[in-house]
Amino acid sequence: MGTVEPLIRRGRKFTQVLDGARDIFLRDGFEAASVDEIARAAAVSKATLYSYFPDKRLLFMEVAKVECRRQAEATLELLDTDAPVAEVLTLAAERITAFTLSEFGQRIFRICLAEADRFPGLGREFYDSGPRLARERLVAFLESAVTRGELAIDDLELAADQFVQLCKAVLHDRLIFGLDDRPAPEAAARVVRGAVQMFMARYGAKAQAG
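A quick note: this is a predicted structure, and the numbers were derived from the prediction, not measured.

*Asks:* So what's going on with the overall build of the chain? Residues and values would help.
*Replies:* Helix and strand counts for the chain stand at twelve helices and zero strands. Put simply, the chain runs from its N terminus to its C terminus through helices and strands in the order α-α-α-α-α-α-α-α-α-α-α-α. Seen along its three principal axes, the alpha-carbon backbone of the chain occupies a region of about 65 × 35 × 30 Å. Out of the 210 residues belonging to the chain, those deemed buried represent 41%. If you take every contact in the chain between residues at least 6 apart in sequence, the share linking residues at least 24 apart comes to 72%. In the structure as shown, the chain presents an accessible area of about 11,400 Å², 52% of it carried by carbon and sulfur atoms. If the 29 positive side-chain charges of the chain are averaged to one point and the 32 negative ones to another, these points end up 4 Å apart.

*Asks:* Run through the environment of Ala195, naming residues and quoting values.
*Replies:* Positionally, Ala195 belongs in helix α11 (residues 185-203). Using a relative accessible area of 1% as the deciding quantity, one classes Ala195 as buried. It is 42 Å that separates the C-alpha atoms of Ala195 and Lys13, two residues lying 182 residues apart in sequence. If near-sequence neighbours (up to four positions away) are discounted, Ala195 is found in contact with Phe163, Leu166 and Cys167.

*Asks:* Explain the packing of aromatic side chains to me, using residue names and the numbers behind them.
*Replies:* Per the stated rule, a full pass over the model turns up five aromatic pairs. Aromatic pair Phe163 and Phe199: ring centres 5.4 Å apart, planes at 75 degrees, arrangement edge-to-face. Of the two residues, Phe163 is situated in helix α9 (residues 156-166) and Phe199 in helix α11; the sequence distance between them amounts to 36 residues. For the pair Phe163 and Phe199, a shared accessibility class is recorded, and that class is buried. The rings of Phe14, Tyr52 and Phe53 are connected pair by pair, giving a single aromatic cluster.

*Asks:* If you had to explain the nonpolar core to someone new, which residues and values would you point to?
*Replies:* Taken as a class, soluble globular proteins show a tendency for nonpolar side chains to be buried jointly. Counting 32 residues, the largest nonpolar core has Phe25, Ile38, Leu49, Phe53, Leu59 and Phe60 as its most contacted members. The set of elements that each furnish at least two residues to this core consists of α1 (14-32), α2 (35-42), α3 (46-52), α4 (56-79), α6 (103-114) and α7 (121-129). Counting residues per element, this core draws most heavily on α1, which supplies eight residues. The next biggest cluster of nonpolar side chains, apart from the first, holds 25 residues, and it includes Leu151, Cys167, Val196 and Tyr203.

Conventions and cut-offs
- Each chain carries its own residue numbering, running from 1 in the direction its sequence is written.
- Side-chain atom pairs in this predicted model are given and counted only at pLDDT of 80 or more, local residue features only at pLDDT of at least 70, and totals for whole chains, interfaces and linings cover all residues.
- Hydrogen atoms and water are omitted, and side-chain values are computed over all heavy atoms in the structure.
- Only runs of H or I of at least four residues qualify as helices and only runs of E of at least two qualify as strands under DSSP, and these elements are numbered from the N terminus.
- Partly exposed describes any residue whose relative accessible area lies between the buried limit of under 20% and the exposed limit of over 50%, with all areas from a 1.4 Å probe on protein chains only and scaled to the type maximum.
- In what follows, residue pairs with any heavy atoms lying within 4.5 Å of each other are defined as contacts.
- Working definition of accessibility: Shrake-Rupley area with a 1.4 Å probe, residue cover restricted to the visible protein chains.
- In summary, the charge assignment counts Lys and Arg as positive and Asp and Glu as negative, without counting His or the chain termini.
- By convention, charge coordinates are those of NZ in Lys, CZ in Arg, CG in Asp, or CD in Glu.
- For Phe, Tyr and Trp, where Trp contributes only its six-membered ring, two rings pair if their centres lie within 6.5 Å, and the inter-plane angle classes them as stacked under 30 degrees, edge-to-face over 60, or tilted in between.
- Definition used in this section: a nonpolar core is a set of buried Ala, Val, Leu, Ile, Met, Phe, Trp, Tyr and Cys residues joined via side-chain atoms within 4.5 Å.

From the geometry alone we can't say anything about function, so treat these as descriptive.
Written as structure tokens, this is what we have:
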């Protein structure tokens, strides 16, 4: 997908187009989203929209990348701290869980699956723009905690992946399979607490010393 990026032109109304497209894609999904509706929501002409994005897929990919990058950067800020590990992980877990439960997070996941055959690069673009960045920073944070003697981890990448999955326990599957429209806040808080407690029980230096 490295050849698509040069086709995207940035200009004065670039952000305006992205904001309008985001609203329509979230409402209608990728396939059903109308270029006319996107142009109307962005308050630009179709000619202006096409001057930035000659292909609807490029527009959707850019919307996904920008939103995922924004979500990842918000999480990365939490990991750039010397606060106690459990405290930082709790904040990170809350962000991860919130994104998993968000309308955007669910829409992106479903669209990536639905468009996998016709749009095979979308999933990789989505992952590289957000989850991969957050994973790399989480690995770096865990490594610093190991250096400080707060955690004892042999495989940092595996531990980071385990933590992310713990933050999605039950919640993600119940949404994907239509068992819940929106889990109650206390259900999300329960998952966050459990994720941090289990992670610290497995990798906390004090727990292993005991």
